[in-house]
Amino acid sequence: MGKNGVRVLFVILIFVVGLSGCSQEGNLAVKNESVSEFQGDVENTRVTIDPGESYTTSIYIGKTLAFIGPSGLTVTISGSASTKRAFSDEVEITSDETTVYRIIDDVGACDFTNRYNLQINAISMKMCDSTEFGPNILGQDRAIAPGTTKVIQIDPGCWDILVNYGRQELLDTVTAIPIEVGDEIDIPWVPGYVYTVLASTRAR
Amino acid sequence: MRLFRRRTDLKKLKTISAASALLACCVALSGTASGQAVQKQYVADFGAAFTQATVTKAQSGLFGLDISMGKMLTNNLSVGLALGYDVVSFQKVEGIYQRFAIFPILAKAKYYFTIAPLMQLHASAAGGMYQMVPHLGVDPVGGVWSAQTKPGGSVGIGFDYWRFGTSGLGAEFEYNFIDSGTEDLFSYFAFRVNYSIIKM
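Residues numbered from 1 in each chain as written. Chains lettered and ligands numbered in written order. Predicted model: local features only at pLDDT ≥ 70, side-chain atom pairs only at ≥ 80, totals over all residues.

A. Examining the overall build of chain A more closely. Along chain A, the regular secondary structure elements total two helices and 14 strands. Taking all 204 residues of chain A together, 28% fall into the buried category. Within chain A, residue pairs in contact and separated by at least 24 positions form 59% of the contacts whose partners lie at least 6 positions apart. (Helix = DSSP H or I, 4+ residues; strand = E, 2+ residues; numbered from the N terminus. Buried ≥ 20, exposed ≤ 12 C-beta atoms within 10 Å, placed from the backbone. Contact = placed C-beta atoms within 7 Å.)

Take a look at the structure:
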């Protein structure tokens with residue numbers, strides 16, 4: 001093969017490589033700026049992100065040729081944390097850029113632990129200035145066994161909790177629980193438990 | 001004197017030989033030129049292509065096999081039918097070959113520009129239906145999850161080199177657009193090498 005043949009092959013090679021399409025990628029950084037651990041899915045991958053930590057991943061967008069083809073891709077982020085309601089958001093990832101998604105608290109939480117030797121049948125709540133308790137937030141057939149904890153997400157405000165426990169369905173009330181967005185409080189419940197702010201608030 | 005005459009004869013002989021060769025060339029070239037398709041003739045193209053999807057989650061392209069047949073309505077314009085099988089995205093995942101195949105069925109118009117007796121450039125436009133067949137994909141290529149038939153079209157440019165009289169070799173670049181029903185148009189390109197035949 002002469003010099004011209006090599007040149008022609010080289011030009012064809014450059015042409016074909018140029019036509020093979022350019023791969024487009026972008027980066028996605030999910031920052032957990034809430035006070036509680038996030039668990040969810042990022043682009044179909046199960047992730048757990050501790051408070052203050054980030055999860056960064058490279059997202060493959062697709063192939064382009066010159067100006068034709070995708071320059072971005074929509075990915076779905078879903079999940080929840082104790083102080084973040086369950087959500088599902090779509091985020092646009094742009095080629096050669098890092099897109100940052102921040103997880104921010106939008107609710108308070110109560111880690112309600114059954115320290116008594118009888119199971120809790122139902123839990124109802126009401127605002128402190130209200131007169132009637134709402135429906136059972138545990139749902140049917142979802143009791144809290146002795147020694148176990150149920151995380152309850154609570155809107156900001158002052159709350160009273162009505163506890164129904166034991167086979168005889170005894171009642172107990174925990175009153176005046178102040179909650180703000182980003183609060184996560186512990187209630188190690190036994191009958192007669194009295195909530196005190198300083199001892200129970202873990203984070204804010 | 002004899003020597004002079006011999007030299008003169010030799011010159012004549014060379015001149016005649018050169019003229020004969022030139023004449024032969026002209027005859028050959030004019031024959032080839034007339035071999036290019038003209039009105040009412042048919043041109044068939046048999047192509048092998050590198051095909052690549054240019055959409056979200058597209059993997060590496062692979063190959064396409066295409067055939068088209070057109071009738072010359074004028075000396076420059078042909079219309080006809082094009083069929084193909086194009087694998088536009090391909091990936092091997094743990095021993096499994098994920099592929100995205102497209103079967104275009106198109107009505108195609110092609111316009112030829114003769115730039116030399118052996119050489120023609122052409123531009124084409126086509127429209128029709130595309131059968132899209134994704135196979136074993138985890139992520140949908142271009143948002144297409146399932147097999148479907150959608151309308152679309154293509155544009156292309158290329159050349160034919162009629163090296164063998166009524167048959168020739170050529171290459172073309174073609175871009176296909178399909179209304180797949182997702183957010184953006186599904187698109188792929190083909191870089192194709194053709195073997196073309198002219199039929200009376």
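Okay, back to it.
B. Quick peek at the interface of chain A and chain B. Counting residues at the interface gives 14 residues for chain A, matched by 13 residues for chain B. Breaking the side of chain A that touches chain B down by element, the ones donating at least two residues are helix H1 (3–19) and strand E4 (54–64) of chain A. Among the elements that take part in the side of chain A that touches chain B, E4(A) stands out by supplying five residues, more than any other. Residues of the side of chain A that touches chain B, tallied by class, amount to eight nonpolar, five polar and one charged. (Nonpolar A, V, L, I, M, F, W, Y, C, P; charged D, E, K, R; others polar.)

C. The arrangement of the domain arrangement of chain A in detail. Residue and element names in this part refer to chain A. Along its sequence, chain A is organised into domain 1 (21–103) and domain 2 (108–203). Each of domain 1 and domain 2 has a C-alpha centre, and these two points are 35 Å apart. Each side of the interface is counted separately: domain 1 has five residues, and domain 2 has seven residues. Partitioning the side of domain 1 that touches domain 2 into residue classes produces one nonpolar, three polar and one charged. (Domains from an automatic or database assignment.)

D. Representation of the sheet that holds strand E2 (residues 38–42) of chain A within the structure. Residue and element names in this part refer to chain A. Strands sit in the order E3-E2-E5-E6 across an open sheet of four strands; the sheet is antiparallel. Since the sheet does not close on itself, it has two edges, and those belong to strand E3 (45–49) and strand E6 (84–94), each with one partner. Adjacent strand axes in the sheet meet at a mean angle of 25 degrees when their direction is disregarded. As paired strands, E2 and E3 are joined by five bridges and run antiparallel to one another. Residue pairing in the sheet places Gln-39 in a bridge with Thr-48 of E3. (Pairing = 2+ DSSP bridges. Axes fitted to C-alpha atoms, helices over the stretch in contact; angles between N-to-C directions.)

E. Quick peek at the sheet that holds strand E12 (residues 170–179) of chain A. Residue and element names in this part refer to chain A. Spatially, three strands are ordered E9-E11-E12 in an open sheet, and the strand pairing comes out antiparallel. The open sheet is flanked by strand E9 (120–127) and E12, the only strands paired with a single partner. Each neighbouring strand pair of the sheet contributes to a mean axis angle of 20 degrees, computed without reference to strand direction. The pairing of strand E11 (residues 157–165) with E12 spans eight bridges and is classified as antiparallel. Following the sheet pairing, Leu-162 is matched in E12 by Thr-173.

F. Representation of the nonpolar core within the structure. Residues and elements named next belong to chain A. The biggest cluster of nonpolar side chains holds 22 residues, and the ones touching the most others in it are Cys-110, Ile-154, Ile-161 and Val-163. Contributions of two or more residues to this core are made by strand E8 (108–114), E9, strand E10 (149–154), E11, E12 and strand E13 (184–189). Beyond its immediate sequence surroundings of up to four residues, Cys-110 is in contact with Ile-152, Ile-154, Ile-185 and Ile-187. (Core = buried A, V, L, I, M, F, W, Y, C linked by C-beta atoms within 7 Å.)

G. Here's a closer look at the environment of B:His122. Residue and element names in this part refer to chain B. Mapped onto the elements, His-122 comes out in strand E5 (residues 119–135). Exposure remark for His-122: the 20 C-beta atoms within 10 Å place this residue in the buried category. With 46 residues separating them in the primary sequence, His-122 and Asn-76 have C-alpha atoms 8.9 Å apart. With sequence-adjacent residues up to four places away left out, His-122 is seen in contact with Lys-110, Tyr-111, Tyr-112, Phe-113, Gly-158, Phe-159 and Asp-160.

H. Representation of the environment of B:Leu169 in the model. Residue and element names in this part refer to chain B. Along the chain, Leu-169 turns up in strand E7 (residues 167–178). Given 14 C-beta atoms within a 10 Å radius, Leu-169 is considered partly exposed. Residues Leu-169 and Val-193, spaced 24 residues apart in sequence, show a C-alpha to C-alpha distance of 7.5 Å. Leu-169 has contacts with Tyr-161, Arg-163, Asn-194 and Tyr-195, leaving out every residue within four places of it along the chain.

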